[in-house]
Amino acid sequence: MADYEAQIEHNILEHEEEEPSANTTRRAVLQAAIGVGVAGTVLSTLYVGAGLVPKKVFTPENEPLAAGDILVYAQGPNQNKPINPADLKVDVLQIIAYPMNPKTNVVKGSDPNNTVLIVKIQPSRLTPATAKGAVDGIVAYSGVCKHLGCIVSNWDPNLEQFVCPCHQGHYDPANSGKVMSGPPPKPIPQLPIKIENNQIIAMAFFLAPPGVNA
Ligand code: FES
């Protein structure tokens, strides 16, 4: 672009020496040409830039969680096996889970935003809104911290709250995942669940978008 402008300026000066009477009109036309060239370059850059934004390619392993998905262990000796609600104890560290497509049995663990926390608390502690998406005190939430995206993997047994290990953000599983302390800007969204055939099933998508600042 700099070479292009320099060449046009050079041409203007050359023509000014040859034909002083036509200077004003010619300079205006050439400078307008520079303006058009700059604008065209900026638009081209924006267009090319937009084309470079990668589109997400969906695979069976990273499809978004959907109603009807079975929640399975994300890790440990029972990895990829359905979580049996009878195995959950009250006020014990949450289970990290992924959704599994019930038709294909593919576990959708390739998208971090599919990470789910499952914990059992005293049903009497649940707020009415939270109880709507819970069964026998079992509640499920997005596992992605709203602050910077760490997985909310710790549990405070005294406060009975989820704890993010990165900056100690605390969330209340009895009250819609509300932020109780720390830097997270929003609650982690609840995942409404039901129980069928001794399995925990997603009844719908999360009640709000999962992920950082979503
Ligand atoms: S990433 Fe969770 S509190 Fe910072």
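Residues numbered from 1 in each chain as written. Predicted model: local features only at pLDDT ≥ 70, side-chain atom pairs only at ≥ 80, totals over all residues. Heavy atoms only, no water.

### Topic: the environment of Val-90
Summarising the element assignment, Val-90 is placed in the loop between strand S1 (70-73) and strand S2 (95-100). Discounting residues that sit within four places of it in the chain, Val-90 has contacts with Lys-120, Ile-121 and Gln-122. (Helix = DSSP H or I, 4+ residues; strand = E, 2+ residues; numbered from the N terminus. Contact = heavy atoms within 4.5 Å.)

### Comments concerning the nonpolar core
Among the nonpolar cores identified, the biggest contains 18 residues, and Ile-121, Val-139, Val-152 and Phe-162 are the most heavily contacted of them. Every element with two or more residues in this core is listed here: strand S3 (116-120) and strand S4 (138-142). Those residues within four positions of Phe-162 in sequence are excluded, and the remaining contacts are Gln-94, Leu-117, Val-119, Tyr-141, Val-152, Asn-154, Trp-155, Gly-169, His-170, Tyr-171, Pro-173 and Ile-188. With 16 residues, the next largest nonpolar core counts Ala-97, Ile-138, Ile-200 and Phe-206 among its residues. (Core = buried A, V, L, I, M, F, W, Y, C linked by side-chain atoms within 4.5 Å. Buried < 20%, exposed > 50% of the residue type's maximum accessible area, 1.4 Å probe, protein only.)

### Considering the pattern of salt bridges
The tally for this structure, following the rule as stated, stands at 5 salt bridges. The salt bridge involving Asp-111 is made with Lys-56; its shortest N-O contact spans 2.8 Å. Note that Asp-111 is positioned in the loop between S2 and S3 and Lys-56 in the loop between helix H2 (23-52) and S1, a separation of 55 residues in sequence. On the basis of relative accessible area, Asp-111 is assigned to the buried category, the value being 12%. One salt-bridge network, in which partners are shared between bridges, spans Arg-125, Glu-160 and Asp-172. (Salt bridge = Lys/Arg side-chain N within 4 Å of Asp/Glu carboxyl O.)

### Side note on the sheet that holds strand S8 (residues 178-181)
In a beta sheet, neighbouring strands are held together by backbone hydrogen bonds and run either parallel or antiparallel to one another. Taken in spatial order, the 4 strands line up as S5-S6-S7-S8 in an open sheet, and their pairing is antiparallel. The strands lining the two open edges of the sheet, one partner per strand, are strand S5 (154-156) and S8. Direction aside, neighbouring strands of the sheet carry axes that sit 40° apart on average. Pairing of strand S6 (residues 161-163) with strand S7 (residues 170-172), which is carried by 2 bridges, proceeds in the antiparallel orientation. Paired with Phe-162 across the bridge in S7 is Tyr-171. (Pairing = 2+ DSSP bridges. Axes fitted to C-alpha atoms, helices over the stretch in contact; angles between N-to-C directions.)

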